[in-house]
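Chain by chain, the residues:
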Amino acid sequence: MGIINITPDSFSDGGELYTTRLDLDKTLFKAHHMVEAGAGIIDVGGESTRPGAFEIGVEEELNRVVPVVEALTARFDTPISVDTSSSEVIREAASAGASLINDVRALRRPGALEAVAKTNLPVCLVHMQNEPASMQVAPTYKNVVAEVKSFLLAQRNRCLLAGIPSHKILIDPGFGFGKTTEHNLCLFKSIDQFVETNVPVLIGVSRKRFIGELLNEAPDQRLIGSVTMALLAAQAGASVLRVHDVKETKQALRLLSYTEKLSDT
Ligand code: YH5
């Protein structure tokens, strides 16, 4: 899964509501390269959920996301995933051709669960402690693995009760979402325990702060660290890897598949 952020960048006038032509071209260019590199899914998000980020309004999120989903589905056969927590965006993204809803709030916002159930789309449920604005202030757990796992399985049960079939649900421990480096490491070492639930597991660690902290590197120097962690996650049984660097990650995965027992690729 390749990551495309559609938050307006420093070149566009951040106050403007509509995605500019330039933004759209840059997004399509990026998506084209991810498709060429072998991305199986393209994940687009209009709301920044980075630590310390504040919420944007639903209108602004719709204005950022919908034109991009329409443009991508018109040009590529690769499934488009939409990173959102809002029921309005879920509905509009589905109409625009999205193939997956990826929610860092695991459908806890009012109406989100019902919206996904109605669209018949698959969903990825992500664990997050608190909200992006405050989640890194003082993350606290008694047993991070047990708590994250029981939260995800409880949210999965809500989905099943709402009529979402089990084969359309993925779970994600949510690296960096209300977790210290130690919590992240604890979860990473326990990926196999999530895999053992037999629910497909999505892992997103690409360029995240804990990799930077462990290696003492800035975001643009985290490529090797990110690919290494993606490979380790794949080896532990993760089904989907959410990454910025699709080409490099695919190379690592190809080598993994060549070296695995019983593999005939
Ligand atoms: C995720 O893990 N993460 S948005 C801070 C960074 C780098 C990257 C430089 N959406 C996930 O990617 N969806 C995000 O520091 C996600 N799993 C799923 N399913 C945060 C992000 C990032 C934040």
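It should be noted that the structure appears before, not after, this text.
Because the structure is a prediction, the values reported are computed rather than measured.

S.K.: Now, about the pattern of salt bridges: what can you tell me, with residues and values included?
M.R.: In this structure the tally under the stated criterion is seven salt bridges. A salt bridge links E47 to R105, with the shortest nitrogen-to-oxygen separation between them at 3.1 Å. Note that E47 is positioned in the loop between β2 (42–45) and α2 (58–75) and R105 in the loop between β4 (100–103) and α4 (112–119), a separation of 58 residues in sequence. Taken together, the shared-partner salt bridges connect D43, D83 and R242 into one network.

S.K.: Provide a residue-level description of the packing of helix α3 (residues 87–95) against α4, including the pertinent values.
M.R.: In the contact formed by α3 and α4, the axes pass within 8 Å of each other and the chain directions differ by 15 degrees. Classified by the interaxial angle, the pair formed by α3 and α4 is roughly parallel. The handedness of the crossing between α3 and α4 is right-handed. Contacts from S87, I90, R91 and A94 in α3 reach A112, A115, V116 and T119 in α4. Residue composition of the contact of α3 with α4, grouped by class: five nonpolar, two polar and one charged.

S.K.: Break down the environment of A238 for me, with residues and values.
M.R.: With respect to the helices and strands, the residue A238 is situated in the loop between α9 (223–235) and β8 (240–241). C-alpha separation for the pair A238 and E60, spaced 178 residues apart in sequence, amounts to 33 Å. Excluding anything up to four places from it in sequence, A238 contacts V195, V201, I203 and A233.

S.K.: Could you give an account of the pairing of strand β3 (residues 80–83), with specific residues and numbers?
M.R.: The side-chain alternation of β3 yields two buried faces, one formed by I80 and V82 and the other by S81 and D83. Here three bridges tie β3 to β4, and the two strands are oriented parallel to one another. Residue pairing for β4: S81 is matched across the bridge by L100. With α3 bridging β3 and the parallel β4, this β-α-β connection has right-handed handedness.

S.K.: Quick one: what's the story with the site of the ligand, residue by residue and with numbers?
M.R.: Neighbouring the ligand are 16 residues; D83, N102, D172, K208 and R242 lie closest to it. A distance of 2.6 Å separates a nitrogen atom of the ligand from a polar side-chain atom of D172. With respect to the ligand, the side chain of R242 contributes an N or O atom lying 2.9 Å from an oxygen atom. Contact with the protein chains hides 92% of the accessible area of the ligand, taken as 530 Å² for the molecule alone. Taken together, the residues that form the shell around the ligand break down as five nonpolar, four polar and seven charged.

The rules we used
- The residue numbering used here restarts from 1 in each chain and proceeds along that chain's sequence as written.
- Side-chain atom pairs in this predicted model are given and counted only at pLDDT of 80 or more, local residue features only at pLDDT of at least 70, and totals for whole chains, interfaces and linings cover all residues.
- Where side-chain values are given, they derive from all heavy atoms of the structure, hydrogens and water being excluded.
- In what follows, salt bridge is the name for a side-chain nitrogen of Lys or Arg lying within 4 Å of a carboxyl oxygen of Asp or Glu.
- Working definition: helices are DSSP H or I runs of at least four residues, strands are E runs of at least two. Numbering for both runs from the N terminus.
- Axis lines are fitted through C-alpha atoms, for helices just across the contact stretch, and the angle between N-to-C directions can take any value from 0 to 180 degrees.
- Under this scheme an angle from 65 to 115 degrees is roughly perpendicular, one under 35 degrees roughly parallel, and one over 145 degrees roughly antiparallel; angles in between are oblique.
- The crossing is said to be left-handed when, going from far helix to near helix, the turn is anticlockwise and less than a right angle, and right-handed when the turn is clockwise.
- In what follows, residue pairs with any heavy atoms lying within 4.5 Å of each other are defined as contacts.
- Note on residue classes: Ala, Val, Leu, Ile, Met, Phe, Trp, Tyr, Cys and Pro are nonpolar, Asp, Glu, Lys and Arg are charged, and everything else, Gly too, is polar.
- Burial here depends on accessible area, computed with a 1.4 Å probe over protein chains only, as a share of the maximum for the residue type. Under 20% is buried, over 50% is exposed, and the range in between is partly exposed.
- If DSSP finds at least two bridges between two strands, the strands pair.
- Think of it like this: strands point away, you trace from the first strand over the helix to the second, and a clockwise trace means the crossover is right-handed.
- The nearness test applies per residue and asks whether one of its heavy atoms lies within 4 Å of the molecule or strand.
- We call two N or O atoms a polar contact when they sit within 3.5 Å, provided that within protein one can donate a hydrogen and the other can accept it, with sequence-adjacent residues counted only if both atoms are side-chain atoms.
- In short, Shrake-Rupley with a 1.4 Å probe defines the accessible areas, and a residue's cover is counted only from the protein chains shown.

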